[in-house]
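Read off the chains here:
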Amino acid sequence: MASIDPVRPLAVVTGASSGIGRELARLAAQDGHDLVIAADQGPLEESADSFRALGAGVDAVEADLSTAFGVDKLMLAIAGRPVELLIANAGHGLGHGFLDKPFSEARHVVDTNITGTLDVLHRVVGAMRKRGSGRVLITGSIAGLTPGSFQAVYNGTKAFIDSFSFALGNELKDSGVSVTCLMPGATETHFFERADMLDTRLATEDKADAADVARDGYEAMKKGQDRVVADWKNKVSAAMSNVIPDSVLAEQHRRTAEPGSARQRGGND
Ligand SMILES: NC(=O)c1ccc[n+]([C@@H]2O[C@H](COP(=O)([O-])OP(=O)(O)OC[C@H]3O[C@@H](n4cnc5c(N)ncnc54)[C@H](OP(=O)(O)O)[C@@H]3O)[C@@H](O)[C@H]2O)c1
């Protein structure tokens, strides 16, 4: 285990091996934090070395956070130290029709995005509340505002997480602990490859830069905001989703997430 400088406060970042989480962990390191980072399959040591080069002490935990055993491993690495920042970001998607993928894959999305995330929050945020200080950033998504045809389970998990974040933030008001929900739209990361969605229009359209999304989230967390929708185009989509009927949103989502929709681009709609 790496030696940790006791003067630097601790940030815990899940899903820090790539994408938005790696950028969030980089920001926390640059901001003077030591890190406990976790991911399941990604090149975690490579990320850890890049954060050490920024002066951070880093513990890297390889763990499947969809399981209680994986969360136990993360807690062992935290080892009872006070956590100043908790960035609960690990998550993944799943494309294709609900009935066209094995249920085990859908279950893994739910267990990672919801159960594992809540387990980490429950174990870490209690100590923050006792201490009367701490900042929490949870990566939800604007996907949570839309019924996600051909990504139905994922969007459902993010609807849960968006809602849960706002509720937890309200429960903790006046406690000294803030909860911020980062709500990105489509962002350039490994997300679409892992979700088996590379042949969709969603995966091939222009996307936000992961570093920009992370910066929006990190700044909102430092200010103690309850939410941030990254990128102005997503702010418009989020506002529209409040007034467009769910049936229309679901049909729109079909056009961008249905397998093969990338090939139909410009031809069918
Ligand atoms: N990219 C987008 O368009 C987009 C939009 C809105 C919200 N988001 C959300 O942003 C977050 C980060 O995703 P990303 O876009 O940055 O994708 P990414 O590059 O694939 O990163 C996902 C991170 O989560 C980790 N992870 C996934 N499942 C895990 C598990 N069971 N246990 C431990 N770690 C796990 C991955 O590690 P391993 O690869 O090692 O498992 C990786 O470090 C997710 O919550 C995602 O839902 C993404």
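Scroll up for the structure.
The numbers attached to residues start from 1 for each chain and follow its sequence in the written order. For this predicted model, a pLDDT threshold of at least 70 governs which residues receive local features, and a threshold of 80 or more governs which side-chain atom pairs are given and counted, while totals over whole chains, interfaces and linings are taken from all residues. In computing side-chain values, all of the structure's heavy atoms are included and hydrogens and water are not.

Draft legend 1. Broad picture of the site of the ligand. Neighbouring the ligand are 34 residues, the closest being Ser17, Gln41, Gly42, Tyr154 and Arg194. For the purposes of these results, a polar contact is taken to be a pair of N or O atoms within 3.5 Å, where, inside protein, one atom must be able to donate a hydrogen and its partner to accept one; residues adjacent in sequence count only when each atom of the pair is a side-chain atom. Between the ligand and threonine 189 there is a distance of 2.7 Å, counted from an oxygen atom to a side-chain nitrogen or oxygen. In isolation the ligand offers 870 Å² of accessible surface; the protein chains occlude 97% of this area. Secondary structure follows DSSP: runs of H or I at least 4 residues long count as helices, runs of E at least 2 residues long count as strands, and numbering of each begins at the N terminus. Every element with two or more residues in the shell around the ligand is listed here: helix H1 (19-30), helix H4 (103-131), helix H5 (152-171) and helix H6 (191-194). Of the residues forming the shell around the ligand, the biggest block, 3 residues, is contributed by H6. For this description, a residue counts as near a given molecule or strand if any of its non-hydrogen atoms is within 4 Å of it. All accessible-area figures derive from a Shrake-Rupley calculation using a 1.4 Å probe, and residue coverage is judged against the displayed protein chains alone.

Draft legend 2. Region of the structure containing the environment of threonine 204. Inspection of the secondary structure assignment puts threonine 204 in helix H7 (residues 201-204). You can call threonine 204 partly exposed: its relative accessible area is 40%. Considered as a pair, threonine 204 and serine 178 are 26 residues apart in the sequence and their alpha carbons are 36 Å apart. Partly exposed residues are those whose accessible area sits between 20% and 50% of the maximum for their type, while under 20% is buried and over 50% is exposed, using a 1.4 Å probe and protein chains only.

Draft legend 3. Summary view of the packing of aromatic side chains. In summary, the pairing rule links any two rings of Phe, Tyr or Trp, Trp by its six-membered ring, whose centres are within 6.5 Å, and it sorts them by plane angle into stacked for under 30 degrees, edge-to-face for over 60 and tilted for everything else. If you walk through the whole model with that rule in mind, you get 3 aromatic pairs. Centroid distance phenylalanine 160 to phenylalanine 164: 6.2 Å. Interplanar angle 10°. Geometry classified as stacked. One end of the pair, phenylalanine 160, and the other, phenylalanine 164, are both in helix H5, 4 residues apart, so they sit about a helical turn from each other. According to the relative accessible area criterion, phenylalanine 164 is partly exposed, its value standing at 24%.

Draft legend 4. Focus on the nonpolar core. The definition of a nonpolar core used throughout is a set of buried Ala, Val, Leu, Ile, Met, Phe, Trp, Tyr and Cys residues joined through side-chain atoms within 4.5 Å. Counting 29 residues, the largest nonpolar core has Leu24, Leu35, Ile37 and Leu182 as the members making the most contacts within it. If you list the elements that add at least two residues to this core, you get strand S1 (10-14), H1, strand S2 (34-39), helix H2 (44-52), strand S4 (83-88) and helix H8 (210-223). Looking at this core, the element that brings in the most residues is H8, giving 6 residues. Residues contacting isoleucine 37, with those up to four places away along its chain left out, are Val13, Ala16, Ala25, Leu44, Ala48, Phe51, Val58, Asp59, Ala60 and Val61. Should any heavy atoms of two residues lie within 4.5 Å, those residues are considered in contact.

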